[in-house]
Structure formats: C-alpha cells, structure tokens
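The residues making up each chain are set out below.
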Amino acid sequence: MELPPEGSNIIVDHHNGLDQITLPMNSKGPAQYFVMLFLLFWLGGWAVGFKSAWDQIAEGSGGFFLIFWLGGWSVGGLLVVWMLFQGLRPSKPEKLLLNKPNLGYDSGFQSGKFGRQGRSSKARIQSLIRRRKIYNFDKPEIKTLMLRDQDHPSRLTIDHGKDRIEIGKSLTEVEREWLYRQLKRAYHLNF
C-alpha cells in the first residue's frame, strides 16, 4: 500500500494482522467553540428564567400562560443541553479494515457541527443525530465502490443493500482519490 498524500492525517497501520486505514474527522474550528460558549451562557439565562417562572407558579400567581410558557421553555433548555452534549463529545475517526475478501467499515462519529454548511435543514438535523455505524461489506458490495467525481466535491461511495454509504466525508479530493486507488488495488477491482 502506498503512503497517503503528503500532509495528510490518514493513518495506515495494522489491526490483528490486517491492514487498517484510519480517516480522521475534521476539527470543529474556532467558530464551533464560540457557539458552544454562547449556548453555555444561554443556559445560565435559561436557568434564571426557569426558576423565576417556577417560583411564580409555586406561589399560585403564575396562571395558565406561565405554565404553558414554562413547558416550552423546558423543551428549549433540553434541546440546548442535547446540543452541548453533541458538540462537546469527542469525534471518533472513520476506519476501514481490509479483512479480505470482506471490507470492514466503521463510520466513526463527527461531534455536532452547528451552522449552515450548505445543506438543507433536514440534512443538518440528520447530521446532529447521526450515529456511528459498523458495516462488513462482502465481495459483491465491494464491487459497487465508486468515486463519484461528477459531484462537487467528489464522493466515495459503496452500496450496502438499499443504502449508499459515503466513505471519507472529511477527506480532501486528493485524499479521497488516494483511498479509492488503494481500495481498488487491494480488492483487484478493474473499473
């Protein structure tokens, strides 16, 4: 197996005597930490508002609107706590295990990234609730490996049943092309 492109963070090593390729996730960047800090401050204000409303309701002077408001306020607070959890937990890298004739794939986990990122609202929400998945592709599935360079940026995909799995989402174009060549060579794919 040839070395990854110069300056790449891809790691090629061995796991239980098999070749393993580790694909690190992108770092969050400074803007992500600013968002996390803002959410922490917002949560402090949320706690003050919650306590104030709760005290008024406990005294019997709250009324129906304040009870309704406290319900919505509670949901908002839970969502912020969930976003903080997603954003602060460490990422896990993608891994490919070349256990021929199969190919093991661990999707890893990119900790929550907030912001537009050029995607639809549905795609952003799905990226926040995405879970780590582990696949073991067999030979017919490996033959569906494709570098879709008509997309921009290109996508490296493999079909698994009815699903199309994207590999190396955080890689650069050059790294994705390198990975594609290595997998083609390792599994003797001619296309």
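Criteria and cut-off values
Residues numbered from 1 in each chain as written. Predicted model: local features only at pLDDT ≥ 70, side-chain atom pairs only at ≥ 80, totals over all residues. Heavy atoms only, no water. Core = buried A, V, L, I, M, F, W, Y, C linked by side-chain atoms within 4.5 Å. Buried < 20%, exposed > 50% of the residue type's maximum accessible area, 1.4 Å probe, protein only. Helix = DSSP H or I, 4+ residues; strand = E, 2+ residues; numbered from the N terminus. Contact = heavy atoms within 4.5 Å. Salt bridge = Lys/Arg side-chain N within 4 Å of Asp/Glu carboxyl O. Phe/Tyr/Trp six-rings, centres within 6.5 Å; stacked < 30°, edge-to-face > 60°. Lys NZ or Arg CZ within 6 Å of the ring centre and 35° of its normal.

**Q** A description of the nonpolar core should follow, citing residues and the corresponding values.
**A** Generally speaking, soluble globular proteins have nonpolar side chains that are buried together. Of all hydrophobic cores here, the largest spans 24 residues; its most connected members are Leu96, Leu103 and Leu179. Every element with two or more residues in this core is listed here: strand 2 (18-23), strand 4 (103-106), strand 5 (134-137), strand 7 (155-160), strand 8 (163-167) and helix 5 (173-186). Ranked by residues supplied to this core, first place goes to helix 5 with five residues. Not counting the four nearest positions on each side in its chain, leucine 103 is found in contact with Leu96, Leu97, Leu98, Tyr135, Asn136, Phe137, Ile142, Ile158, Leu183 and Tyr187.

**Q** Lay out the pattern of salt bridges with the relevant residues and their values.
**A** Opposite charge on two side chains permits them to pair, given that their charged atoms come into close proximity. Tallied over the full model, the rule gives eight salt bridges. Here arginine 155 makes a salt bridge to glutamate 166, at a shortest N to O gap of 3.6 Å. Taken together, the residues arginine 155 in strand 7 and glutamate 166 in strand 8 connect sequence positions 11 residues apart. Across the salt bridge formed by arginine 176 and glutamate 173, the nearest N and O atoms sit 3.9 Å from each other. Taken together, the positions of arginine 176 and glutamate 173, both in helix 5 and three residues apart, correspond to about one turn of that helix. Classification of arginine 176 by relative accessible area gives buried; the value is 3%. Accessibility expressed as a relative area gives 29% for glutamate 173, which makes it partly exposed. Here the salt bridges do not stand alone but share partners, grouping Glu2, Arg181 and Arg185 into one network.

**Q** Break down the packing of aromatic side chains for me, with residues and values.
**A** Tallied over the entire structure, the rule returns eight aromatic pairs. Judged by centre distance (5.5 Å) and plane angle (45 degrees), the ring pair of tryptophan 42 and tryptophan 73 falls under tilted. Placement of tryptophan 42 in helix 1 (residues 30-58) and of tryptophan 73 in helix 2 (residues 63-88) is noted, with a sequence separation of 31 residues between them. For tryptophan 42, a relative accessible area of 29% translates into the label partly exposed. By relative accessible area, tryptophan 73 is classed as partly exposed at 23%. A ring pair is formed by tyrosine 135 and phenylalanine 137, whose centres lie 5.5 Å apart and whose planes are at 10 degrees; its orientation type is stacked. Grouping residues by exposure puts tyrosine 135 and phenylalanine 137 together as buried. Above the face of the phenylalanine 109 ring, arginine 89 is positioned so that its terminal group lies 3.8 Å from the ring centre.

Taken by themselves, the reported measurements are silent on function.
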